[in-house]
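Listed below, chain by chain, are the residues.
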Amino acid sequence: MFPIKSLLGAILAPALALSLAACGGDSTSYTVTTSAGEGGTISPTQRTVGAGKSTSFSINPLTGYRISQVSGCNGQLSGRNYEIAEVTQDCQVNASFETQTYTVTTEFNFGDQQPGEAILPTINPQSVEVLYNQQQTFELRLPDDKWTFNTATGCPVSMFRIQAGTNISITTRPILRSCTLELDITPPNANTSYEISADIANGNAYLEGPERPSDSFSYGEQVHIDLQPIGERELIRFAPSSTSCEFQQDGTSVTITVLGNCHFSALFLAEDEHNFASNSLLRAFRDAQDLAPEDHLTEALVAAVESIDLFTDESVVLNLQGIQAAQSLKSLAFRTVQADLAPLASLQLTTLKVEKVEYNGPLSLEPLQTMPLRHLQLTFFEATQQDYDLLSGLSDLRSLNLSSNRGLQKIDFVEHLSKLETLTLSQSGVVDIRPVLQSGLPLHPGTAHFAVNGCASLEQPVTQDVINELETNGVSTSVGSNSNLSLCPDSTDYYNGTLTADLSTDQLTLDWSSDADDVVSCAVYYNLHAQQPRVMDAEIAPCGVTGSETLSVDLEVQKVDLYINDGLFPVPVKVASTLVNSTNDSTQLRLAAVDWGQTTFKANPYLVPGRSALLRAHVIADNSPTLPVVRATLRLNGSSETLNLDPPGAIPAAPVFDSLNGSYQLPIPAEFMQQGLAIDISMDGDLLYTVEPSFADPNTLYLTVVPMVVNGVAPDIPSNAELARTIKEYWPIGEVVIERRSQFEVENSNSLVGARDLLYMLRDLHAQEGAQHYYHGFFNIDALDIRDAAGVAFRPGRVGVTWDSSYGLEGTFAHELGHNFSVGHIDCGGPSSVEVQYPYAPEYMGSIGVNHDFSEIYGSEQRADVMSYCDPSFTSDWVYEKAQDHLTAYPPRPFNEAKAFDATVLSQPTYSTYISGVIDQVEGSSRILSHFELNQAAGRENYGPFLMIATDSNGQKIERNFAIEQISESTSETNGYFNVRLPAYDIRDVQILYQGKEVLRVQL
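On a predicted model such as this, the values are computed, not experimentally measured, just so you know.

J.: Teacher, can you tell me more about the overall build of the protein chain here?
T.: Helices and strands together make up the secondary structure of the protein chain, namely nine helices and 67 strands. Compactness check: the protein chain gives a C-alpha radius of gyration of 39 Å against a globular reference of 30 Å for 1004 residues, more than 25% above the reference. Overall, the protein chain is about 165 × 90 × 60 Å in size when its C-alpha atoms are taken along their principal axes. The buried share among the 1004 residues of the protein chain stands at 49%.

If you want it as structure tokens, here you go:
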């Protein structure tokens, strides 16, 4: 027998096993892990899932990102859920994310005026994918300046920059969604009329279609013209000479699409007539032979002509081909754009006068070599120096006029002109006039005359000596009193030289040579890094074209630059540069350099008085020794104060100029910044160096801010504190005093208003209010009819205007003030009127800058110059010092200061009439802008190529010469804004002449 308990267990155990097998199944489970890349998350991060079961995960991109790819576990992405149908093993879900992109498209809105499809603005890109939170720049190109860009909406816009009026860069704010950038553009006014002019030789042009009430045409209009000859002639040439219209020619029928004022030329000839490439030449030869319209100009008639003078009319010769037949021609005068002189080579001219109407590249003078020239005039000409040197072969020359010539720097060739009696070099880049002493001028006492101005002037000792010797020899002279530095050649390329430098303890030995003709003195500069020379470290006088000198120095000089003073250039000229060969122990602590930071870092600047500066002491040594304590004792007017300089992180082996972390530094308080300051620099108690900085003259900029209300819209002008900070951040100004004038309401007129118009209005207001200080106007650019510029200013001058954008404060306001301070554009970003003597690569400021509170430094290649069109920008030392020199020569005037006394007013009435206007000889739209009477004398007249002849109510005529006032966008001497003060009142009639030719006549 078995016990009952044991038997029951034996029976129940198999039953329990059967029960578990039937109810429980497979108990296996798996782990699904996740891995999310940058830009998003996966939730949950992990799950445990039974074998064969399904699961899902949420894929969550962060703001600005989107799902790129999800994989693993044989799942599928559905929206933002990753679904796994069956988990059969441990596995991992991997998700990657990418930055979200948004589509930015563009479209034009032309308002009520719908232009033709053939003439439309372009935008690049038209559509683009932009990454989240990134900006995008679009380049808008208008067909011409008759189109007006008004505004951009639909996408957030950060800024825009206008170049040349028709090229607009539009930059968005960071893009956070897809959008359409809608460009609001006003097409040309359909009511504006344009003219079609023609130069047709031996024929006429007739308009096809019904008779018109006028000879003017509207923008986009198609005009059909029929060309007809005089007599039995054939059309052999048709040439459109205007790019502002579109031409289609079919035989003698021409279709013109008017886009502006149009011009074309045509030539009809018979078989026996001589062909000139220029209609102007053809007419001149016909006039010389007094031919009737139907008469034929044969080659024989051309060959008989002896003199042609095209200076008597407005003709411009574009091509001289055909003139070779004029074998009897002795005298020729003409204006040209870029006519090759080669066709003149076979002529035996004794007189040649050529004037270029614009600078557009050099012409060869080689064709002149074989001519028996006695009188040569090349004005506003361009040639290479090598071509000018060819003039040495013109041994019969009696008179030579090379005024306003580009490329002419040296006149050594005149030494071979023994018969020369008259030499004129007005507005010339010639710096050395000594060769005239070896020319024919001193050989013709009583009749010889020499005139020069431009680069060469009485400021140069050498020029003064030459003029004295010429006058002693009976030569009459006319010479400028001041040098126009913009015309001078680049001094850095004028001479070549060699230099070696050896340093032992505190003795620096220099050996040099140069190819200069004569050297008065040498200027030595130490450690010029990313900067132009200013105040010399040492002077060697005399030094000669070769020499050797040993100088005592307190600095561990690393680099030496040698400049010479030759009596020609107004500043010393660089001839050589070298690194120093030092025998000193490089493991010892040495003071290598000391420099100053005020806008720009300089070794020896002219500091602005009354303005704090950052003093840096560059201590160097190999092997990074323990930091010494460096102190500066400031001494001024009998009192002193000792301060510790903030140390660098470590002592470098060489000076670190491009950082605020590699030197000892001390901000010098403004109250110490004045003439007489001396600073003793000591290291661990030992005196190392004493610096006595040089200071510019104290200055205060007095500025009247003028809100200019255009079309009822007032500008939003920054605070006086912001304006003052910007001025001192960028320019060498000690103090700024600002007053705000009441709003200037721009009067509504039929003409469209742009930034230039506002500038001219403000210039007139400046004169009307008798101001001698600076005026600056602010305007809302969206209110302008013509958005031709974000800012514009007179250069130099005391008047400028700027848009009221936050970008405009530092980007445009500082830029336009630079123009007032005489600085032109730096050639980055496509500006006009660039500074050709800028010494650095145009895309960089080239020197090291520092902001106003010394918290940030700008490396030499980190920013462009503020006078360029590139961003970001700051002020280079070259631009800063050009402005400083201008402010020294022409100090800012305080409010309400009277005009400086001029003795010429003693013979004038105490009243005058002010007349301003614009000369436009290109489009023929010269005009008077403003005229009013002033309770002050007219003062001295300005020299210039224009003559105003005014007639008062009594019929009395008053004549005044004047010149164009140059602005930032143009340095033209023949087109632009002018103003004249006449010593008379009640003016009724005004006539303006340019070189004897009338350009404007108007009744007031």
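J.: Hey, could you run me through the pattern of salt bridges in this one?
T.: Two side chains bearing opposite charge may form a pair once their charged atoms approach each other closely. The full count for this structure, using the stated rule, is 26 salt bridges. Across the pair glutamate 769 and arginine 741 runs a salt bridge, and its minimum N-O distance is 2.7 Å. Pair noted here: glutamate 769 is in the loop between α7 (755-768) and β54 (774-779) and arginine 741 is in the loop between β52 (735-740) and β53 (744-745), with a separation of 28 residues, a long-range link. A salt bridge links arginine 1001 to aspartate 989, with the shortest nitrogen-to-oxygen separation between them at 2.9 Å. A residue pair is termed long-range when its members are at least 10 positions apart, and arginine 1001 in strand β67 (residues 997-1003) and aspartate 989 in strand β66 (residues 987-994) qualify at twelve residues. According to the relative accessible area criterion, arginine 1001 is partly exposed, its value standing at 44%. When its relative accessible area of 8% is taken as the criterion, aspartate 989 is described as buried.

J.: Could you clarify how one ought to interpret the state of the cysteines in this entry?
T.: Chemically, a disulfide is nothing more than a covalent bond linking the sulfur atoms of two cysteines. Following the criterion strictly, the structure yields six disulfides and no others. Each sulfur in the disulfide pair cysteine 522 and cysteine 543 lies 2.2 Å from the other. For the disulfide bridge between cysteine 522 and cysteine 543, the dihedral angle about the S-S bond is near 80°, and by the sign convention the bridge is right-handed. Of the two residues, cysteine 522 sits in strand β35 (residues 521-526) while cysteine 543 sits in the loop between β36 (538-540) and β37 (546-552), which places them 21 residues apart along the sequence. One exposure class covers both cysteine 522 and cysteine 543, and it is buried. Here cysteine 828 connects covalently by a disulfide to cysteine 870, the sulfurs 1.9 Å from one another. Its S-S torsion of about -95° marks the bond between cysteine 828 and cysteine 870 as left-handed, since a negative value means left-handed. Remark: cysteine 870 occurs in the loop between β59 (864-865) and β60 (873-874) and cysteine 828 occurs in the loop between α8 (806-820) and β57 (849-850); sequence separation between them is 42 residues.

J.: How should I be thinking about the nonpolar core in this particular structure?
T.: Side chains of nonpolar character tend, in soluble globular proteins, to be buried together. Ranked by internal contacts, the top residues of the largest apolar core, which has 123 residues, are Phe285, Ile323 and Phe450. Among all residues touching phenylalanine 450, those that are not within four sequence positions of it are Leu423, Leu425, Ile433, Val436, Leu441, Ile467, Leu470, Val475, Ser476, Thr477 and Ser478. Within the second largest apolar cluster, 74 residues are counted, among which are Ile119, Cys179, Phe264 and Leu759.

J.: Could you clarify how one ought to interpret the pairing of strand β16 (residues 179-186) in this entry?
T.: Strand residues, when the strand is regular, have side chains that alternate between the two faces of the sheet. Here β16 shows a buried face lined by Cys179, Leu181, Leu183 and Ile185 and an unburied face lined by Thr180, Glu182, Asp184 and Thr186. Bridge analysis of strand β9 (residues 101-109) against β16 gives six bridges, and the strand direction is parallel. In the sheet register, glutamate 107 faces β16, and the bridge partner there is glutamate 182. As paired elements, strand β13 (residues 148-153) and β16 share five bridges and run antiparallel to each other.

J.: What exactly am I supposed to notice about a negative patch on the surface here?
T.: A contiguous patch of negative charge on the surface is contributed by Asp389, Asp412, Glu415, Asp515, Asp517 and Asp518. By secondary structure assignment, the location of glutamate 415 is in the loop between β29 (399-401) and β30 (422-428).

J.: Sorry if this is basic, but what is going on with the environment of alanine 632 here?
T.: With respect to the secondary-structure elements, alanine 632 resides in strand β45 (residues 630-636). On the accessibility criterion, alanine 632 (0% relative accessible area) is buried. As a C-alpha pair, alanine 632 and threonine 690 span 58 residues in sequence and 9.3 Å in three-dimensional space. Those residues within four positions of alanine 632 in sequence are excluded, and the remaining contacts are Glu641, Thr642, Leu643, Leu645, Leu666, Ile679 and Asp680.

J.: So what exactly am I meant to see when it comes to the side chain of glutamine 100 here?
T.: Residue placement: glutamine 100 occurs in the loop between β8 (91-99) and β9. Classification of glutamine 100 as buried rests on a relative accessible area of 19%.

J.: What's the story with unusual backbone geometry in this structure? I'm lost.
T.: For the bond running from alanine 541 to proline 542, omega is -10°, close enough to zero to count as cis. Among the structural elements, proline 542 can be located in the loop between β36 and β37. Here the phi dihedral of asparagine 133 falls at roughly 65°; this positive angle occurs in a residue that is not glycine. Topologically, asparagine 133 is positioned in the loop between β11 (127-131) and β12 (137-141). Phi angles above zero are rare outside glycine, and serine 624 is one such case at about 45°. Note that serine 624 resides in the loop between β44 (613-620) and β45.

J.: Explain the pairing of β66 to me, please; I cannot follow it from the model alone.
T.: Across the eight residues of β66, seven count as buried, placing the element largely inside the fold. One ladder, built from seven bridges, connects strand β63 (residues 946-952) with β66; its direction is antiparallel. Directly across from aspartate 952, in β66, lies its bridge partner isoleucine 987. Counting the residues between successive antiparallel strands, the hairpin from β66 to β67 contains two residues, one of them, glutamine 995, with a positive phi of roughly 50°.

J.: Is there a simple way to explain the sheet that holds β36 in this structure?
T.: Sheet architecture is open: four strands sit in the order β36-β35-β38-β39, paired in antiparallel fashion. Lying at the two open borders of the sheet, with one neighbouring strand each, are β36 and β39 (573-579). If you compare each strand with its neighbour and ignore which way they point, the axes differ by 25° on average. As judged from the six bridges shared by β35 and strand β38 (residues 559-565), these two strands associate in the antiparallel manner. Within β38, the residue paired with tyrosine 526 across the bridge is valine 560.

J.: Would you take a moment to explain the sheet that holds β67 for this structure?
T.: Note on sheets: strands pair through backbone hydrogen bonds, and any given pair is parallel or antiparallel. Taking strand neighbours across the sheet as the criterion, the four strands line up as β64-β63-β66-β67 in an open arrangement whose pairing is antiparallel. Looking along the sheet, the strands with just one partner apiece sit at the ends: β64 (957-962) and β67. Going across the sheet, the axis of each strand differs from the next one's by a mean of 20°, ignoring polarity.

J.: Please explain helix α9 (residues 877-889) as it appears in this structure.
T.: Helical geometry: 3.6 residues make up each α-helical turn, so side chains three or four residues apart lie on a common side. With 13 residues, α9 extends 18 Å between its outermost C-alpha atoms, agreeing within 8% with the 18 Å of an ideal straight helix rising 1.5 Å per residue. When α9 is considered as a whole, its buried residues turn out to be Asp877, Trp878, Val879, Tyr880, Glu881, Ala883, Gln884, His886 and Leu887.

Conventions used here
In this numbering scheme, every chain counts its residues from 1 along its sequence in written order. Local features in this predicted model are restricted to residues of pLDDT 70 or higher, and side-chain atom pairs are both shown and tallied only at a pLDDT of 80 or more, whereas totals for entire chains, interfaces and linings draw on every residue. For side-chain calculations, the full set of non-hydrogen atoms in the structure is used, while hydrogens and water are omitted. Helix and strand assignments come from DSSP, with helices taken as H or I runs of at least 4 residues and strands as E runs of at least 2, each series counted from the N terminus. The globule rule is 2.2 Å times the number of residues to the power 0.38, and the radius of gyration it is compared with is taken over C-alpha atoms. Burial classification: accessible surface area is computed with a 1.4 Å probe over protein chains only, and a residue below 20% of its type maximum counts as buried, one above 50% as exposed, and the rest as partly exposed. In what follows, salt bridge is the name for a side-chain nitrogen of Lys or Arg lying within 4 Å of a carboxyl oxygen of Asp or Glu. The rule for a disulfide is simple: a pair of cysteine sulfur atoms within 2.5 Å. By nonpolar core is meant a set of buried Ala, Val, Leu, Ile, Met, Phe, Trp, Tyr and Cys residues that side-chain atoms within 4.5 Å join together. Contacts are assigned to residue pairs that have any heavy atoms within 4.5 Å of one another. By this definition, two strands are paired if DSSP reports at least two bridges between them. Like-charged residues are merged into a patch within 9 Å and nonpolar side chains (Val, Leu, Ile, Met, Phe, Trp, Tyr) within 5 Å, provided each residue has over 30% relative accessible area and no salt bridge. Only the protein chains shown count as covering a residue, and every accessible area follows the Shrake-Rupley method with a 1.4 Å probe. When charges are counted, Lys and Arg are positive and Asp and Glu negative, with His and the chain ends excluded. For charged residues, the charge sits on one atom: NZ in Lys, CZ in Arg, CG in Asp, CD in Glu. Between N-to-C directions, angles span 0 to 180 degrees; the directions come from axes that are lines fitted to C-alpha atoms, helices contributing only their stretch in contact. Multiplying 1.5 Å by the helix residue count minus one yields the expected span of that helix.

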